[in-house]
Amino acid sequence: MSSWLTEQDFRDLRGDAAAWPGLTLNVAFLQDIKQDTEKPEEIISEIKSLLTDRLALKPAVLVNHLSRLRDELETYFALEEFYGYFKSAKLIQPRVSNRAECLQSQHEQIYLDVCELVELAESALYRESSLEQALPAIVAGFHSFVQNFNCHEQEEFDLMMQLCNQDIGVGD
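Model, not experiment: these values are computed from the prediction. (Residues numbered from 1 in each chain as written. Predicted model: local features only at pLDDT ≥ 70, side-chain atom pairs only at ≥ 80, totals over all residues. Heavy atoms only, no water.)

Some details on the packing of aromatic side chains
- What the rule picks out here adds up to five aromatic pairs.
- A centroid spacing of 6.5 Å and a plane angle of 55° characterise the contact between F77 and F149, whose relative ring orientation is tilted. Within this pair, whereas F77 is found in helix α4 (residues 59–84), its partner F149 is found in helix α6 (residues 131–168), the two being separated by 72 residues in sequence.
- For F77, a relative accessible area of 4% puts it in the buried group.
- With 6.2 Å between their ring centres and 35° between their planes, F142 and F145 make a pair best called tilted. Here the residue F142 and the residue F145 both occupy positions in helix α6, the gap between them amounting to three residues, near one helical turn.
- F142 sits in the buried class, given a relative accessible area of 1%.
- What makes F145 buried here is its relative accessible area of 1%. (Phe/Tyr/Trp six-rings, centres within 6.5 Å; stacked < 30°, edge-to-face > 60°. Helix = DSSP H or I, 4+ residues; strand = E, 2+ residues; numbered from the N terminus. Buried < 20%, exposed > 50% of the residue type's maximum accessible area, 1.4 Å probe, protein only.)

Considerations on the nonpolar core
- Counting residues in hydrophobic clusters, the biggest one holds 28 residues, and the most contacted among them are L51, L66, L69, L73, F142, F145 and F149.
- For this core, the secondary-structure elements that each account for two or more residues are α3 (39–52), α4, α5 (94–125) and α6.
- Broken down by element, the residue count for this core peaks at nine residues, all from α6.
- Not counting chain neighbours up to four residues away, the residues in contact with F145 comprise I44, L69, L73, I110, V114 and L117.
- Membership of the second largest hydrophobic core comes to five residues, among which are V96, A100, L103 and L159. (Core = buried A, V, L, I, M, F, W, Y, C linked by side-chain atoms within 4.5 Å. Contact = heavy atoms within 4.5 Å.)

So, the pattern of salt bridges
- The final tally for this structure, using the stated rule, is two salt bridges.
- Two residues, R68 and E46, come together in a salt bridge whose shortest N-O distance is 3.0 Å. In this pair, R68 is assigned in helix α4 and E46 in helix α3, connecting sequence segments 22 residues apart.
- Take E46: its relative accessible area is 31%, and that puts it in the partly exposed class.
- Between R70 and D71 there is a salt bridge, and its shortest N-O distance comes to 3.1 Å. (Salt bridge = Lys/Arg side-chain N within 4 Å of Asp/Glu carboxyl O.)

Regarding the packing of α3 against α4
- Here α3 crosses α4 at 160°, and the two axes come no closer than 9 Å. The pairing of α3 with α4 is recorded here as roughly antiparallel in orientation. The two elements α3 and α4 meet at a crossing, and its hand is left-handed. Taking contact as the criterion, the partners of K39, P40, I43, I44, E46, I47, L50 and L51 in α3 are, on α4, V61, L62, H65, L66, R68, L69, E72, L73 and Y76.
- Classifying every residue of the contact of α3 with α4 gives twelve nonpolar, one polar and four charged. (Axes fitted to C-alpha atoms, helices over the stretch in contact; angles between N-to-C directions. Parallel < 35°, antiparallel > 145°, perpendicular 65-115°, else oblique. Left-handed = near helix turned anticlockwise from the far one by under 90°. Nonpolar A, V, L, I, M, F, W, Y, C, P; charged D, E, K, R; others polar.)

What about the environment of V146?
- You can see V146 is positioned in helix α6.
- Residue V146 is classed as buried on the basis of its relative accessible area, which comes to 8%.
- Placed 32 residues apart in sequence, V146 and V114 show a C-alpha to C-alpha distance of 9.8 Å.
- Those residues in contact with V146, other than ones at most four positions away along the chain, are I44 and K48.

Looking at α3
- Between the first and last C-alpha of α3 there are 20 Å, a value that for 14 residues agrees with the 20 Å anticipated at 1.5 Å per step.
- Those residues of α3 lying buried are P40, I43, I44, I47, L50 and L51. Buried residues of α3 fall within an arc of 120° about the axis and therefore sit on the same side. (Expected span 1.5 Å × (residues − 1). Arc of directions from axis to C-beta.)

Pasting the structure below:
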């Protein structure tokens, strides 16, 4: 973690840098979590395959896969939040902290988006609506979820690389 401020960062803090706590990333732990947890991407790939063969699609199978994705994301995000993000009372960079806080706050919405997909699929399973009625919303919601999740993961990766480059430097 970097412990220096640029002049602009210092001005943003209005000179009260020592008292400003913030959120930052534990790059080593976050990287381990991302490398050791391939399941969200695997389940996403399985769901994509299911949704391409709409004629053979069974509501129970779709509910099962979406529920697995929901449960996996819950664990994945919990690990990230408990081990990958942390509050720091040390002198830090406000821009890094603001990005980290924004990324951490996205976890809840991404998780809720998957929960909504599970509910839509369950409505078809329990015949509250037909699969034909629910499927357009499920497909659109799933594609939106995948885009948001991938963007989120890329932004976390970019921030990790930024922190690594600041702490260890590059190509002196």
